[in-house]
Amino acid sequence: MGQKGAETRDRLLDATQELVETGGYFGAGLNQVIAASGAPRGSLYFHFPDGKDQLVGESVRRAGETIGAALEELAGSSSSPAEFVRDVLRQLGDRLEESGWRKGCPVATVALEMAATSDPLQEACSDVYASWESALRSRLAGHPDADDLAVTVLAMIEGALLLARTHRSREPLSRVARQITALLR
């Protein structure tokens, strides 16, 4: 694929990610993706011959990699596991607030809407969550039950994002940060 093809594919994925994050799977219709990306309809089917589930699945994986890279960066700059989690919550809170409370987790909405009915999307969501869990586990490696703790912390972060988005407030993120800090002592 040439540079122009790669750019078109990236525009399609960018538009899909934006639409999915703000409106869910059903808010990212193919016509909306084409309009938002400015790509020709034929390009959509050329790059994603398996249709919408392929497009959304790749978008979810791509968003997951972006958040995963941020986790890795924060892990390297935090002095303790508790500081790491507080930094993660702060960064995710900044992202959520800057989006006008429209962008919480780039995976959760698709997981809730489609994991029971689409194996490819369930797999994409599961893979992303597993990668984030692994990143958390690596940072929590010195703690007893690091595997269970990583799942617990991830669930708390996901729940806090949902509540923060619902309430349009950072307060749930702050409360969860305090509880995770207590958990990691």
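Structural data are supplied above this passage.
Small disclaimer: the values here were computed from a predicted structure and weren't measured.

**Quick look at the overall build of the protein**
Looking only at helices and strands, one finds 9 helices and 0 strands in the protein. Going residue by residue from the N terminus, the α and β elements of the protein occur as α-α-α-α-α-α-α-α-α. Relative to the compact-globule value of 16 Å for 185 residues, the protein shows a C-alpha radius of gyration of 17 Å, a close match. Projected onto the principal axes, the alpha-carbon positions of the protein cover approximately 55 × 30 × 30 Å. Relative to its full complement of 185 residues, the protein shows a buried share of 46%. Pairs at least 24 apart in sequence give 65% of the contacts found in the protein among residues at least 6 apart. Summing over all exposed atoms, the protein offers an accessible surface of approximately 9400 Å²; the carbon and sulfur share of this is 51%. Here the protein contributes 20 positive and 26 negative side-chain charges, whose respective centroids are spaced 6 Å apart.

**Quick notes on helix α8 (residues 146-167)**
Taking 1.5 Å per residue, 22 residues should reach 32 Å; α8 reaches 31 Å between its end C-alpha atoms and fits that length. Every buried residue of α8 is listed here: A146, L149, A150, V153, L154, I157, E158, A160, L161 and A164. Looking straight down α8, one finds its buried side chains confined to an arc of 165 degrees; they lie on one side. Along α8, the residues that are exposed and aim more than 90 degrees away from the buried face are D148, L162, T166 and H167. Among the structural elements, α5 (81-98), α6 (108-114), α7 (119-139) and α9 (171-183) are those in contact with the buried residues of α8.

**Some points on the environment of A69**
The topology assignment puts A69 in helix α4 (residues 52-77). For the pair A69 and V153, spaced 84 residues apart in the sequence, the C-alpha separation amounts to 18 Å.

**Description of unusual backbone geometry**
Glycine aside, the phi torsion of most residues is negative, and most peptide linkages are trans. A positive phi angle is found at D145, which is not glycine, with a value near 55 degrees. Even without being a glycine, R168 presents a positive backbone phi close to 50 degrees. Inspection of the secondary structure puts R168 in the loop between α8 and α9.

**What about the pattern of salt bridges?**
Considering all chains together, one arrives at 14 salt bridges under this definition. A salt bridge links E58 to R9; its shortest N-O distance comes to 2.2 Å. Of this pair, E58 sits in helix α4 while R9 is found in helix α1 (residues 3-23), placing the two residues 49 residues apart along the sequence. Linking R170 and D94 is a salt bridge whose minimum nitrogen-to-oxygen distance equals 2.9 Å. Residue R170 is found in the loop between α8 and α9, and its partner D94 is found in helix α5; the two are separated by 76 residues along the sequence. Several salt bridges share partner residues, and in doing so they unite D10, D14 and R62 into one network.

Calculation rules
Residues numbered from 1 in each chain as written. Predicted model: local features only at pLDDT ≥ 70, side-chain atom pairs only at ≥ 80, totals over all residues. Heavy atoms only, no water. Helix = DSSP H or I, 4+ residues; strand = E, 2+ residues; numbered from the N terminus. Rg over C-alpha atoms; globule rule 2.2 N^0.38 Å. Buried < 20%, exposed > 50% of the residue type's maximum accessible area, 1.4 Å probe, protein only. Contact = heavy atoms within 4.5 Å. Areas by Shrake-Rupley, 256 points an atom, 1.4 Å probe, with all protein chains shown as cover. Lys, Arg positive; Asp, Glu negative; His and termini not counted. Charge placed at Lys NZ, Arg CZ, Asp CG, Glu CD. Expected span 1.5 Å × (residues − 1). Arc of directions from axis to C-beta. Salt bridge = Lys/Arg side-chain N within 4 Å of Asp/Glu carboxyl O.

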